[in-house]
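Observations on chain architecture
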Amino acid sequence: MTDPSSLPSPQPSTAPPAAGSEPAAQPSSAPTATTVEDFRRNLAAVRARIDAAARAADRDPAEIRLLPVSKTVPEERLRAAWAAGITQMGENKVQEAKRKAANLADLGIHWALIGHLQTNKAKDVAAFADEFQALDSLRVAEALDRRLQAAGRGLDVYVQVNSSGEASKFGLEPDAVADFLAALPAYSALRVRGLMTLAAHTDDADRIRECFRIMRTLRDAGLQAGTVGDGQLSMGMSGDFELAIAGGSTCVRVGQAIFGARPTPDSLYWPANGAE
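Figured I'd write up the structure that's included with this text. Predicted model only: the values in this text are computed from it and were never measured.

The next thing to look at is the pattern of salt bridges. Evaluation of the coordinates by the stated rule reveals 19 salt bridges. When the shortest N-O distance is used, the salt bridge between E131 and R65 registers 2.3 Å. Residue E131 is found in strand β4 (residues 131-135), and its partner R65 is found in strand β1 (residues 65-68); the two are separated by 66 residues along the sequence. What makes E131 buried here is its relative accessible area of 2%. Taking the shortest distance from any N to any O, the salt bridge between E96 and K100 comes out at 2.7 Å. One end of the pair, E96, and the other, K100, are both in helix α3 (residues 94-103), 4 residues apart, so they sit about a helical turn from each other. The pair formed by E96 and K100 is uniform in burial state, with each residue classed as buried. Put simply, D156, R191, R193 and D230 are held in one network by salt bridges that share partners.

Right under this line is the structure:
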């Protein structure tokens with residue numbers, strides 16, 4: 001697997017973006033990609049959007065990592081995606097990710113698990129994942145740490161925050177984040193990189209911006225306390241990543257704008273119907 005240390009590690013900006021500089025949210029899906037050329041076309045379109053959003057927020061586009069979300073996409077299409085230059089992939093379901101990691105092991109893909117994890121799946125995640133972006137309980141932290149220690153591995157992790165306050169979403173409440181981060185050094189196999197969120201599922205751009213403002217405030221407090229690693233912010237999906245970039249995101253999780261519309265509803269994978 002790809003060494004996570006070889007991936008770019010942008011330094012986050014703690015300054016809020018200029019008011020009114022962010023582009024509007026864009027449609028979340030693109031034509032279904034099946035060939036290498038399809039993927040190159042969709043990737044180019046997404047990267048152009050990332051570049052434009054970054055420049056509108058007076059940010060360097062190189063600060064923003066693109067994590068393609070490959071959930072539900074068949075393995076043969078993922079091989080075409082890899083040939084088009086996609087070497088990192090995000091998955092929600094442990095069993096699906098485990099199968100793909102095994103069957104595509106020859107490609108050296110960097111696998112990111114971005115969905116909710118139950119403790120009984122910690123052994124699987126410790127065996128194949130390169131990063132975990134949905135840590136929201138000390139029970140899961142302890143289970144992962146124990147399995148990772150046994151395997152002689154470390155794992156990059158992001159703490160998931162329920163920035164929208166929606167009962168249907170996983171993640172810590174914002175006021176619980178500081179204490180949770182302070183407890184994580186006890187689990188030495190976990191390398192805390194930053195925070196992750198799903199913004200409110202709404203057409204109200206102001207409400208989405210508020211989710212991202214909450215995350216930036218939490219991240220900045222974690223940087224000051226020395227508890228949030230290098231302070232990455234994983235936020236923004238296909239329909240709202242321009243707003244997330246304006247709000248300080250350093251990692252956008254994009255699925256349908258790269259791979260095309262999914263055959264299954266998002267509710268199968270997310271507790272809320274956000275589209276990444």
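This part takes up helix α2 (residues 75-83). Taken as a whole, α2 has its buried residues at E75, R77, L78, A80 and A81. Packing partners of the buried residues in α2 comprise α1 (36-56), β2 (88-91), α3, β3 (110-113) and α9 (256-259). The first or second residue beyond α2 is G85, which carries a positive phi of 115°.

Residues other than glycine predominantly adopt negative phi, and peptide bonds predominantly adopt the trans conformation. Positioned with a positive phi, D58 is a non-glycine residue whose angle comes to about 60°. Position of D58 among the secondary structure elements: in the loop between α1 and β1. Although it is not a glycine, T72 sits at a positive phi angle of roughly 75°. Looking at the secondary structure, you find T72 in the loop between β1 and α2.

A relative accessible area of 11% places R65 in the buried class. The residues touching R65, leaving out its near neighbours within four places in the chain, are Q88, H110, E131, Q133, Y158, T250, C251 and V252.

Among the 5 residues of β4, 5 are classified as buried, and the element is accordingly described as predominantly covered. Where β3 and β4 come together, 2 bridges link them in parallel fashion. In the strand pairing of β4, L113 is matched with F132. Note that the unit made of β3, helix α4 (residues 122-128) and β4 has a crossover that is right-handed. With 3 bridges joining them, β4 and strand β5 (residues 155-161) adopt parallel strand pairing. By the bridge assignment, E131 is partnered in β5 with D156. In this region the chain leaves β4, passes through helix α5 (residues 138-151) and returns to the parallel neighbour β5; the handedness of that crossover is right-handed.

Before going further, it helps to spend a moment on the environment of A178. Considering the arrangement of structural elements, one finds A178 in helix α6 (residues 177-183). On the accessibility criterion, A178 (53% relative accessible area) is exposed.

Bringing the packing of α2 against α3 into the picture now. Packing of α2 against α3 brings their axes to within 11 Å, and their N-to-C directions diverge by 60°. Comparing their axes, α3 and α2 come out oblique. Of the two elements, α2 crosses α3, and the hand of that crossing is right-handed. Only R99, K100 and N103 of α3 make contact with α2, whose side of the interface consists of E75, L78 and R79. Here the contact of α2 with α3 is built from residues that sort into 1 nonpolar, 1 polar and 4 charged.

What follows concerns the nonpolar core. Judged by nonpolar contacts, the single largest core of 76 residues is most densely connected at F39, F132, L135, L144, L184, L195 and I258. With 5 residues, the next largest nonpolar core counts V69, A112, I114 and C251 among its residues.

A few words on the pairing of strand β8 (residues 251-254). The side-chain alternation of β8 yields two buried faces, one formed by C251 and R253 and the other by V252 and V254. Of the strand pairs in this sheet, β1 and β8 are connected by 4 bridges, and their pairing is parallel. Residue pairing in the sheet places P68 in a bridge with V254 of β8.

Positionally, L67 belongs in strand β1. Linking L67 and C251, residues 184 residues apart in sequence, is a C-alpha distance of 6.8 Å. Ignoring anything within four residues of it in the chain, the contact list for L67 reads Q88, M89, G90, A112, I114, Q133, C251, V252, R253 and V254.

About the criteria used
- Residues numbered from 1 in each chain as written.
- Predicted model: local features only at pLDDT ≥ 70, side-chain atom pairs only at ≥ 80, totals over all residues.
- Heavy atoms only, no water.
- Salt bridge = Lys/Arg side-chain N within 4 Å of Asp/Glu carboxyl O.
- Helix = DSSP H or I, 4+ residues; strand = E, 2+ residues; numbered from the N terminus.
- Buried < 20%, exposed > 50% of the residue type's maximum accessible area, 1.4 Å probe, protein only.
- Contact = heavy atoms within 4.5 Å.
- Pairing = 2+ DSSP bridges.
- Right-handed = clockwise from strand over helix to strand, strands pointing away.
- Axes fitted to C-alpha atoms, helices over the stretch in contact; angles between N-to-C directions.
- Parallel < 35°, antiparallel > 145°, perpendicular 65-115°, else oblique.
- Left-handed = near helix turned anticlockwise from the far one by under 90°.
- Nonpolar A, V, L, I, M, F, W, Y, C, P; charged D, E, K, R; others polar.
- Core = buried A, V, L, I, M, F, W, Y, C linked by side-chain atoms within 4.5 Å.

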